[in-house]
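Observations on chain architecture
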Amino acid sequence: MATQNIKHDEDFFLIDAIFDKDKKVEKIACSLKRGQKKTIKRNNKVYEKLSEHIGFIPLVIISPSDTDLIIEGSETRRKFIDSVISTLDNSYLNKLIHYQKLIAQRNALLKYFALNQTFDVDNLAIYDDQLEPLGKQIFEKRKQFLDQFIPIFQKYYAVISDEAEIVQLVYQSQLFESDIASLFKQNINKDRALQYTSSGIHKDDLSLKLKVTP
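Fair warning: this is a prediction, and the values are worked out from it, not measured in the lab.

Next up on the list: a nonpolar patch on the surface. A contiguous nonpolar surface patch, about 320 Å² in accessible area, is contributed by Ile70, Ile71 and Leu208. As for its position among the elements, Ile71 is in helix α1 (residues 68-71).

In this model helix α2 (residues 74-88) runs 22 Å from its N-terminal to its C-terminal C-alpha over 15 residues, within 8% of the 21 Å that 1.5 Å per residue would give. Of the residues making up α2, those classed as buried are Arg77, Arg78, Ile81, Asp82, Ile85 and Ser86. Buried residues of α2, seen end-on, are gathered within an arc of 165 degrees and therefore sit on one face of the element. Of the surrounding elements, those touching the buried residues of α2 are α1, α3 (90-116), α4 (121-160) and β6 (205-212).

For the pair α3 and α4, interaxial distance at closest approach is 9 Å and the crossing angle is 145 degrees. The two elements α3 and α4 meet at a crossing, and its hand is left-handed. Facing Tyr92, Lys95, Leu96, His98, Tyr99, Leu102, Ile103, Gln105, Arg106, Leu109, Leu110 and Phe113 of α3, the residues of α4 in contact are Asn123, Leu124, Tyr127, Asp128, Gln130, Leu131, Leu134, Gly135, Gln137, Ile138, Lys141 and Arg142. Here the contact of α3 with α4 is built from residues that sort into 13 nonpolar, 6 polar and 5 charged.

The subject of this paragraph is the sheet that holds strand β3 (residues 39-42). Within a beta sheet, neighbouring strands are joined by backbone hydrogen bonds and run either parallel or antiparallel to one another. Pairing in this open sheet of 4 strands is antiparallel, and the strands run β1-β2-β3-β4 from one edge to the other. Pairing within the sheet leaves two strands with one partner each, and these edge strands are β1 (12-21) and β4 (45-46). The sheet contact formed by β1 and strand β2 (residues 24-33) spans 10 bridges and is antiparallel. Across the sheet, the residue bridging to Ile18 is Lys27, located in β2.

Counting 28 residues, the largest nonpolar core has Tyr99, Leu131 and Leu146 as its most contacted members. For this core, the element with the most residues is α4, which contributes 9 residues. Other than its neighbours up to four places away in sequence, Leu131 contacts Tyr99, Leu102, Ile103, Arg106, Ile180 and Phe184.

It is worth spelling out the environment of Arg34 at this point. Relative to the assigned elements, Arg34 resides in the loop between β2 and β3. Arg34 gets classed as partly exposed once you look at its relative accessible area, which sits at 41%. Residues Arg34 and Phe12 lie 22 residues apart in sequence; the distance between their C-alpha atoms is 6.1 Å. If sequence neighbours within four positions are ignored, Arg34 has contacts with Ile6, Lys7, Glu10 and Asp11.

What follows deals with the packing of aromatic side chains. Each aromatic ring pair is described using two quantities: the centre-to-centre distance and the angle formed by the ring planes. In the structure shown here, the tally under the stated rule is 9 aromatic pairs. Pairing Phe149 with Phe153 gives two aromatic rings, centres 5.8 Å apart and planes at 35 degrees, and the pair type is tilted. In this pair, Phe149 and Phe153 are both assigned in helix α4, 4 residues apart and thus about one turn of the helix distant. The exposure class assigned to Phe153 is partly exposed, which follows from its relative accessible area of 27%. The ring of Phe184 has Arg106 sitting right over it, with the charged end atom 4.5 Å from the ring centre.

Relative to β3, β2 runs antiparallel, the two being bridged by 4 bridges. Note that in β3 the partner of Ala29 across the bridge is Lys41. Between β2 and β3, which pair antiparallel in sequence order, lie 5 residues; one of them, Gly35, sits at a positive phi of approximately 80 degrees. From the end of β3 to the start of β4, which pair antiparallel, there are 2 residues, and Asn43 there has a positive phi angle of about 55 degrees.

A few words on α3. Compared with the 39 Å implied by 1.5 Å per residue over 27 residues, the 39 Å span of α3 between its first and last C-alpha is a close match. Among the residues making up α3, those that are buried are Tyr92, Leu93, Leu96, Tyr99, Leu102, Ile103, Arg106, Asn107, Leu109, Leu110 and Phe113. For α3, the elements touching its buried residues are α2, α4, α5 (180-186) and α6 (188-194). Residue Gln117 follows α3 closely and has a positive phi angle near 55 degrees.

What counts as what
Residues numbered from 1 in each chain as written. Predicted model: local features only at pLDDT ≥ 70, side-chain atom pairs only at ≥ 80, totals over all residues. Heavy atoms only, no water. Patch = residues over 30% accessible without salt bridge, like charges linked within 9 Å, V, L, I, M, F, W, Y side chains within 5 Å. Areas by Shrake-Rupley, 256 points an atom, 1.4 Å probe, with all protein chains shown as cover. Salt bridge = Lys/Arg side-chain N within 4 Å of Asp/Glu carboxyl O. Helix = DSSP H or I, 4+ residues; strand = E, 2+ residues; numbered from the N terminus. Expected span 1.5 Å × (residues − 1). Buried < 20%, exposed > 50% of the residue type's maximum accessible area, 1.4 Å probe, protein only. Arc of directions from axis to C-beta. Contact = heavy atoms within 4.5 Å. Axes fitted to C-alpha atoms, helices over the stretch in contact; angles between N-to-C directions. Left-handed = near helix turned anticlockwise from the far one by under 90°. Nonpolar A, V, L, I, M, F, W, Y, C, P; charged D, E, K, R; others polar. Pairing = 2+ DSSP bridges. Core = buried A, V, L, I, M, F, W, Y, C linked by side-chain atoms within 4.5 Å. Phe/Tyr/Trp six-rings, centres within 6.5 Å; stacked < 30°, edge-to-face > 60°. Lys NZ or Arg CZ within 6 Å of the ring centre and 35° of its normal.

See below:
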């Protein structure tokens, strides 16, 4: 948590840096006061949305928490994929945020149906029609990224392991087998029972397999 960066007996922390980007000086500052939200500024102006900063100054960080990509669930691996793509493509980030909001609204509607013992397919279709093109675009972008990323990952892993191990990464998505519209129709009764959307690109995963060479 960001609050752990605040020293004992202090009320806030501040970290800033000056970057030379495209022959222009950019000052980025991040601060946090106890009990308040984190603030990020660019040239002394506060960002209204954090998404406005993502991808502006791409950085590579190696930390102990990187092992979470292996030991944690699919959400952690999706976040890794999405964070890398978002640093290079802000439009992708906006589509992802929109998709996630629509899924949250669809889930809320499913819970409303269960609570009130009713069900309206036409109301669900309002969200389904919006989710279909977004989900397809996100899927295609993830697939395109991983098609480029996986060979690079395998190349450098071979160097690190001195070719003693072979690593495989496999992109797992329901959209390889069906489109989103069909998935929603096939799982409508399941969604109704579970009270949340059980299919779509928010269920994507990255499978990691390791094989020791002879």
